[in-house]
Amino acid sequence: MENVKYPLWEGRQSLHRPGVPMIIAVLLVTVVLSAITAVGFGGILCTGLAGCTFALLLSSVRGFIPWLCLPLSFGAALLMSGDVMLSLCSLFFVPLGVILAYCAFTERGLSVTVAALTVGVLLAMGALLTVSVAELYEGSLKECYSAFGADVKQSLEEIFSAMKLPSADGEIYSLPGEAVTALMETAVMILPAVIVVTCEAIAYVIARAFKLLAGLFGIGALFAKKSYSITVSVPASIIYILSLAVSYFVTEASVIAYSAVNLAYILMPACAVAGFNYILGREGILRKGLAGGGRVMIIIAVVFMIFMSPVSFIGIMAMFGCIYTIYRAIASRKKETKED
């Protein structure tokens with residue numbers, strides 16, 4: 001507990017303390033953003049931005065002032081929406097702000113921060129969706145979700161049935177029923193991954209926004225000690241490679257195949273960003289480990305792949321990120337062994 005108490009409380013004494021007008025302005029922005037969430041505008045993005053501003057207050061203001069956001073936000077949300085449950089859901093900015101402040105003070109990297117925020121964003125989205133579904137449909141919560149799922153399925157079927165594709169002779173034709181059914185099965189199979197990846201993207205935006213706002217707020221020193229970029233661990237790299245292999249070789253529909261596909265899609269964005277950083281980042285091999293001719297060839301290859309197939313490019317970057325992460329870990333272990 002000592003490590004937890006120090007960064008969240010004593011560590012704030014060394015940071016710049018903003019003036020009273022700035023504190024009041026950030027407090028009001030937090031209240032407004034959370035109240036906007038309750039009336040249905042902005043949704044989880046407003047909740048995330050409110051979490052950023054709340055984290056600014058937690059990071060630089062001592063005492064009870066940051067926690068005034070809770071009653072003020074709930075009161076403003078209740079006044080604007082008139083719904084107690086939506087007003088309670090608007091307070092999900094509090095755990096997001098605590099996660100941001102804690103990760104910043106304990107010098108966690110961007111990957112850890114995004115992973116922790118993803119859980120908070122997922123819970124906030126689930127709560128907002130549950131309240132919204134309960135208001136739109138009648139009956140028990142199970143019946144409401146069943147009706148909501150049926151409407152979503154019907155909408156997807158209408159979208160897929162309306163799709164037109166050109167044939168080899170230039171004629172336009174609609175998708176047959178078997179193709180629509182296959183697309184529906186694929187959509188259902190990757191739905192968990194789509195939800196999690198969406199939460200990951202929102203969490204990444206929130207984490208980056210907090211770093212930007214921290215610099216404007218005068219507490220950018222929180223991020224001065226280490227690089228703030230996406231990295232992947234060796235276990236995550238191995239899991240991604242194994243999941244990808246299982247999804248390719250296990251063709252029949254099963255729990256193993258579904259789990260492997262979703263795991264691969266969930267880990268792919270982080271692995272792809274890591275691979276891109278390993279090549280084109282500040283510490284990448286393009287800037288430090290290659291001569292001019294090699295750099296030109298890599299840049300041409302990257303541009304070509306992006307234009308030809310962006311999806312394949314993301315997959316290649318993800319695989320490279322995993323392989324290079326494992327390679328660096330093995331090289332580091334060998335170096336430590338030789339020194340011993």
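Residues numbered from 1 in each chain as written. Predicted model: local features only at pLDDT ≥ 70, side-chain atom pairs only at ≥ 80, totals over all residues. Heavy atoms only, no water.

**Details of unusual backbone geometry**
Note: most residues except glycine have negative phi, and most peptide bonds are trans.
Thought 1: Notably, Glu-107 is not glycine yet its phi reads approximately 60°, a positive angle.
Thought 2: Looking at the element boundaries, Glu-107 is found in the loop between α6 (93-105) and α7 (110-136).
Thought 3: Taking the relative accessible area as the measure of exposure, Glu-107 reaches 35% and is therefore partly exposed. (Helix = DSSP H or I, 4+ residues; strand = E, 2+ residues; numbered from the N terminus. Buried < 20%, exposed > 50% of the residue type's maximum accessible area, 1.4 Å probe, protein only.)

**A short note on the packing of aromatic side chains**
Thought 1: Summed over all chains, the structure comprises six aromatic pairs.
Thought 2: Here Phe-320 and Tyr-324 contribute two aromatic rings whose centre-to-centre distance is 5.6 Å and whose plane-to-plane angle is 10°, an arrangement assigned as stacked. Here the residue Phe-320 and the residue Tyr-324 both occupy positions in helix α15 (residues 310-339), the gap between them amounting to four residues, near one helical turn.
Thought 3: For Tyr-324, a relative accessible area of 22% gives the class partly exposed.
Thought 4: Members of the aromatic cluster, joined through ring pairs, are Tyr-278, Phe-320, Tyr-324 and Tyr-327. (Phe/Tyr/Trp six-rings, centres within 6.5 Å; stacked < 30°, edge-to-face > 60°.)

**Structural notes on a nonpolar patch on the surface**
Thought 1: On the surface, a cluster of nonpolar side chains totalling about 330 Å² of accessible area is made up of Leu-78, Val-84, Met-85 and Leu-88.
Thought 2: Within the secondary structure, Val-84 sits in helix α5 (residues 84-89).
Thought 3: Val-84 sits in the partly exposed class, given a relative accessible area of 45%. (Patch = residues over 30% accessible without salt bridge, like charges linked within 9 Å, V, L, I, M, F, W, Y side chains within 5 Å. Areas by Shrake-Rupley, 256 points an atom, 1.4 Å probe, with all protein chains shown as cover. Salt bridge = Lys/Arg side-chain N within 4 Å of Asp/Glu carboxyl O.)

**Some remarks on the nonpolar core**
Thought 1: Counting 44 residues, the largest nonpolar core has Leu-117 and Phe-210 as its most contacted members.
Thought 2: Looking at this core, the elements that each hand over two or more residues are α2 (20-38), α3 (44-60), α6, α7 and α10 (191-217).
Thought 3: Every residue in contact with Phe-210, bar those within four places of it in the chain, is listed here: Cys-52, Ala-55, Leu-56, Ser-59, Leu-100, Ala-104 and Phe-223.
Thought 4: Listed in part, the 16 residues of the second largest apolar core include Ala-264, Met-268, Val-302 and Cys-322. (Core = buried A, V, L, I, M, F, W, Y, C linked by side-chain atoms within 4.5 Å. Contact = heavy atoms within 4.5 Å.)

**Things to note about the confidence of the model for the chain**
Thought 1: Looking at the chain as a whole, the pLDDT averages 80, with 84% of positions reaching at least 70.
Thought 2: Confidence, expressed as mean pLDDT per element, reaches its minimum in the chain at helix α1 (residues 2-8) with 45 and its maximum at α6 with 89.
Thought 3: For residues 1-9, every residue scores under 50 in pLDDT, and the model assigns this stretch eight contacts once sequence neighbours within four places are set aside. (pLDDT = per-residue confidence, 0-100.)

**What about α10?**
Thought 1: Between its terminal C-alpha atoms α10 stretches 38 Å, which fits the 39 Å expected from 27 residues at 1.5 Å a residue.
Thought 2: Here α10 has its buried residues at Ala-193, Val-196, Cys-199, Glu-200, Ile-202, Ala-203, Ile-206, Ala-207, Ala-209, Phe-210, Ala-214 and Phe-217.
Thought 3: The inward-facing, buried residues of α10 abut α2, α3, α6, α7 and α12 (255-280).
Thought 4: Once α10 ends, the next one or two residues include Gly-218, with phi positive near 90°. (Expected span 1.5 Å × (residues − 1).)

**So, the packing of α10 against α12**
Thought 1: Their axes nearest at 8 Å, the elements α10 and α12 cross at an angle of 15°. Considering their axes alone, α10 and α12 lie roughly parallel with respect to each other. Relative to α12, the crossing made by α10 is right-handed. The residues of α12 that touch α10, namely those facing Leu-191, Pro-192, Ala-193, Val-196, Val-197 and Glu-200, are Asn-262, Tyr-265, Ile-266 and Pro-269. (Axes fitted to C-alpha atoms, helices over the stretch in contact; angles between N-to-C directions. Parallel < 35°, antiparallel > 145°, perpendicular 65-115°, else oblique. Left-handed = near helix turned anticlockwise from the far one by under 90°.)

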